[in-house]
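Letter by letter, the chains look like this.
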Amino acid sequence: MKKAEQSKVMWNKYKPFIWAAAAVVIYIVIMLLDGFDMLSRHQKSLLIPILVNVILAVSLNLTTGFLGELTLGHAGFMSVGAYAGCLLSLSLDIPEPFRIIICLVFGGLVAAVFGLIIGVPVLRLKGDYLAIVTLAFGEIIRSVIVNLEFTGGAAGLKGIPRSTTFTIAFLCAAITIVVIRNLVYSRQGLAIRSIRDNRIAAESIGMPVSKYKVLAFVIAAFFAGVAGVLYGQNLGHLSPSDFDYNKSIEILVIVVLGGMGSLTGSVISAIVITVLPEVLRGADDYRMLLYAVVLIVMMILNASPKAQEMKANLAARFRRRKPDGVPGGKEE
Amino acid sequence: MALLETKNLGISFGGLRAVDDFNICVENEQLYGLIGPNGAGKTTVFNLLTGVYKPTRGSFFLDGVKLNGKTPSQINQAGIARTFQNIRLFKKLSVLDNVMAGFHNDMQYSLAAGILRLPSYYKQEKVYKEKAMELLKVFDLQNEAEYLAQNLPYGKQRKLEIARALATGPKLLLLDEPAAGMNPHETEELMKTIRFVRDTFHIAILLIEHDMNLVTGICEEVTVLNFGQELAKGKTDVVLNDPKVITAYLGE
Ligand SMILES: Nc1ncnc2c1ncn2[C@@H]1O[C@H](COP(=O)(O)OP(=O)(O)O)[C@@H](O)[C@H]1O
Ligand SMILES: [Mg+2]
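Residues numbered from 1 in each chain as written. Chains lettered and ligands numbered in written order. Predicted model: local features only at pLDDT ≥ 70, side-chain atom pairs only at ≥ 80, totals over all residues. Heavy atoms only, no water.

Participant: I'm lost on the overall build of chain A in this one. Help?
Facilitator: Secondary structure summary: chain A contains 14 helices and zero strands in total. Start at the N end of chain A and walk to the C end: the helices and strands fall as α-α-α-α-α-α-α-α-α-α-α-α-α-α. The buried share of chain A, taken over its 332 residues, is 47%. Sequence separation of at least 24 residues holds for 77% of the intrachain contacts in chain A that already meet a minimum separation of 6. As displayed, chain A has an accessible area near 16,600 Å², and 69% of this comes from carbon and sulfur atoms. (Helix = DSSP H or I, 4+ residues; strand = E, 2+ residues; numbered from the N terminus. Buried < 20%, exposed > 50% of the residue type's maximum accessible area, 1.4 Å probe, protein only. Contact = heavy atoms within 4.5 Å. Areas by Shrake-Rupley, 256 points an atom, 1.4 Å probe, with all protein chains shown as cover.)

Take a look at the structure:
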């Protein structure tokens, strides 16, 4: 027991460094593979979409996993950021990478402002209502974009500089993960997680609940906006239909599959969900069906106590020690 | 001046006057009992005093500061903390984090300091972790610090809720049936702990309790509620021998 505890403390202490090292290694390996022309065009084309989905999933996890509010409009924030950042890139004539950096920040900020405008009234709603209103928000944004002149309407926005590089996307994903992780494990993040577990108790110990709900919403929107800019400047064009509710559902599926409140899970799941349909050629038609099945299975797994117990036992075996869950529960 | 003072506090739900003309004076460092049959309105009084419900009549003051109309969060910051009859812990958080959450407003580091992991983050997290461990020790929970709160046995969950409330540094602590579900031995321990808490933290405690041994054992004064109205109040032994009170309980 003592030893296990010690190793846990050690692990927690070095975990950030291990992750940082892993990220650097992954980056170098991919750069080397690319340098020696060992990646097919198809493989290369997946790298940035994976990173975009990582950013989307990790940021949605902040509201859905850590704050515990089911929002279905993440693609809406992504589109606002994408259009804002890409429109700016069209009229900015400065050298890269300064231009894309400015566009990324701008796209993120505009999305964050939308997060604030929508977050303040909407976060008074709960559960299903919040889900429905955020879903509607995403669709409204999309139809507004379709009907506007300067966004290119339904035909989309073309001729966007294709400035997203693997390095920039990788850095953005790394920053997103670090910022959200540090936030979640700070006093502000503890408040966010407390609100998820019991709002009334959180208020009773003096936490400004609305403030933190809006904060989580705004930060998630910011990173969704950043992901949108990366997306647009990777493809070179934007079309409103890229950001319909299917995209919001896809991000939600990634988060649910990776585990609510698990950042590592979100990252791994983003990779799997982005790569899988490409590997299973032809499965694209069944993509939404696949998502539906994944959602249902995960919900059942997470809701059933039997499944929970199995998961705890598996985790225990994996770690070769009793999970936090089991001892107290069994004693009773 | 009394620490807590209420003036004709009351609330109605539809036509039902759940609490009516409630007047109470709790002094600094006093142990005060609020008793009465089920449905008498005791929990409703706590909900009024913590801003969960807005009173439809009357007002209340802590240290002379009017608190009715304030939000639960503001009332906590003004110095009232509570526990809940049906325990409300942060179930998926560790025992330690539950107490750390209580220090939320004491810890001052900014959002940027948290995200960028500036020195103020490390300094304050360390200081408050130690404080939280000290609080856990008071309730003999220090060995379960890393457990998830939901995995604690019932009696310990009640204690953890008190520890979390204390972390907010209240002047007045409201305990809603703290001994519910505890065996006589645990109740005995709890009585000692409540006294210890009052003496070390120098706070007043207002508690709702059905266990008369606990009430007579630690409460200096009590108020008896019945159908939302005050039936009797005063020194504990006097009130509990009042025929009115005995009938109210027997008539139940
Ligand atoms: N939110 C509410 N809406 C309607 N009635 C309520 C509400 N809260 C409490 N009551 C009623 O007020 C009365 C007192 O309840 P409560 O304060 O919980 O009693 P107790 O003394 O057992 O703690 C009960 O009749 C209860 O049904
Ligand atoms: Mg009650």
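There is more to say after this.
Participant: Before we go on, may I ask you to explain a nonpolar patch on the surface in this structure?
Facilitator: On the surface, a cluster of nonpolar side chains totalling about 540 Å² of accessible area is made up of Met10(A), Trp11(A), Tyr14(A), Phe17(A) and Ile18(A). You can see Trp11(A) is positioned in helix H1 (residues 2-35). (Patch = residues over 30% accessible without salt bridge, like charges linked within 9 Å, V, L, I, M, F, W, Y side chains within 5 Å. Salt bridge = Lys/Arg side-chain N within 4 Å of Asp/Glu carboxyl O.)

Participant: I tried to follow the sheet that holds strand S4 (residues 31-35) of chain B on my own but got confused; where do I start?
Facilitator: Residue and element names in this part refer to chain B. Strand order in the open sheet made by the six strands is S7-S8-S9-S4-S10-S11, with mixed pairing throughout. Strands at the two margins of the open sheet, each flanked by one partner only, are strand S7 (80-82) and strand S11 (229-235). For this sheet, the mean angle separating the axes of adjacent strands, direction not counted, is 15°. As paired elements, strand S10 (residues 221-226) and S11 share six bridges and run antiparallel to each other. Bridge pairing links Glu221 to Lys235 in S11. Against the sheet, helix H7 (residues 184-201) makes contact with S4, strand S8 (172-176) and strand S9 (204-208), and its axis sits at roughly 155° relative to S9, the strand it touches most. (Pairing = 2+ DSSP bridges. Axes fitted to C-alpha atoms, helices over the stretch in contact; angles between N-to-C directions.)

Participant: In this structure, what is going on with the pattern of salt bridges? I would like to understand it.
Facilitator: Two side chains of opposite charge can pair, provided their charged atoms sit close to one another. Residues and elements named next belong to chain B. One pass over the structure, following the stated rule, counts 17 salt bridges over all chains. Taking the shortest distance from any N to any O, the salt bridge between Asp20 and Arg57 comes out at 3.1 Å. One end of the pair, Asp20, is in strand S2 (residues 16-22); the other, Arg57, is in strand S5 (residues 57-62), and 37 residues separate them in sequence. For Asp20, a relative accessible area of 9% translates into the label buried. Taking relative accessible area as the criterion, Arg57 reaches 24% and is therefore assigned partly exposed. Within the structure, one salt-bridge network assembled from shared partners comprises Arg17, Asp20 and Arg57.

Participant: When you look at the interface of chain B and chain A in this model, what are you seeing that I'm missing?
Facilitator: Think of interface size as the accessible area that goes away when the parts come together; that is how it is often given. Taken together, the contacts link 37 residues of chain B with 33 residues of chain A. Between chain B and chain A, a total of about 2,900 Å² is buried, with carbon and sulfur atoms accounting for 58% of that surface. Broken down residue by residue, the surface that chain B buries against chain A is led by Phe90(B), His104(B) and Ile115(B), which jointly contribute 22%. With a shortest N-O distance of 4.0 Å, Asp97(B) and Arg193(A) are connected by a salt bridge. The interface formed by chain B and chain A holds 17 residue pairs in polar contact (both at pLDDT 80 or more) in total. Breaking the side of chain B that touches chain A down by element, the ones donating at least two residues are helix H2 (72-78), helix H3 (95-102), helix H4 (111-115), helix H5 (119-138) and helix H6 (154-167) of chain B. When the residues that make up the side of chain B that touches chain A are grouped by side-chain class, the tally is 17 nonpolar, 11 polar and nine charged. (Buried area = accessible area lost by both parts, 1.4 Å probe. Polar contact = N/O pair within 3.5 Å; in protein donor to acceptor, adjacent residues only side chain to side chain. Nonpolar A, V, L, I, M, F, W, Y, C, P; charged D, E, K, R; others polar.)

Participant: How do you make sense of empty space enclosed by the protein when you look at a structure like this?
Facilitator: With a probe scaled to a water molecule rolled over the atoms, the places where space remains empty come into view. For the coordinates displayed, the defined rule picks out three cavities of 30 Å³ or more. Its volume calculated, the largest cavity comes out at about 50 Å³. Together, Ile200(A), Ser204(A), Thr50(B), Val52(B), Pro72(B), Ile75(B), Asn76(B), Ile80(B) and Phe84(B) line the largest cavity. Mapped onto the lining of the largest cavity, the elements with two or more residues apiece are helix H8 (199-204) of chain A together with H2 of chain B. The element contributing the most residues to the lining of the largest cavity is H2(B), with three residues. Residue composition of the lining of the largest cavity, by class: six nonpolar, three polar and no charged. (1 Å grid on protein atoms, 1.4 Å probe; cavity = no way out; pocket = protein on both sides within 12 Å on 5 of 7 lines; lining within 4 Å. Points joined across faces, edges and corners; volume = space filled by probe spheres on them.)

Participant: Where do I start with the confidence of the model for chain B in this structure?
Facilitator: Caution applies to low-pLDDT parts of the model: their predicted coordinates are not meant to be read in detail. For chain B, the average pLDDT comes to 93, and 99% of its residues sit at 70 or higher. Complex prediction metrics read pTM 0.90 and ipTM 0.93. (pLDDT = per-residue confidence, 0-100.)

Participant: What am I meant to see in the environment of Thr193(B) here?
Facilitator: Residue and element names in this part refer to chain B. Structurally, Thr193 is set in helix H7. With 34 residues separating them along the chain, Thr193 and Lys159 place their C-alpha atoms 9.3 Å apart. Look past the residues within four positions of Thr193 in its chain and what remains in contact with it is Val138 and Phe139.

Participant: It is not clear to me how the coordination of the magnesium ion (ligand 2) should be interpreted in this structure. Could you clarify?
Facilitator: The textbook angles at a metal center are 109.5 degrees for a tetrahedron of four donors and 90 or 180 degrees for an octahedron of six. Residue and element names in this part refer to chain B. Around the magnesium ion (ligand 2), the protein contributes the donor atoms Thr43 (OG1) and Gln85 (OE1), at 2.0 to 2.1 Å from the metal centre. Of this pair, Thr43 sits in helix H1 (residues 42-49) while Gln85 sits in the loop between S7 and H3, and the two are 42 residues apart along the sequence. On the basis of relative accessibility, which here comes to 25%, the residue Thr43 falls in the partly exposed class. (Donors = N, O, S within 2.8 Å, 3.2 Å for Na, K, Ca; no water.)

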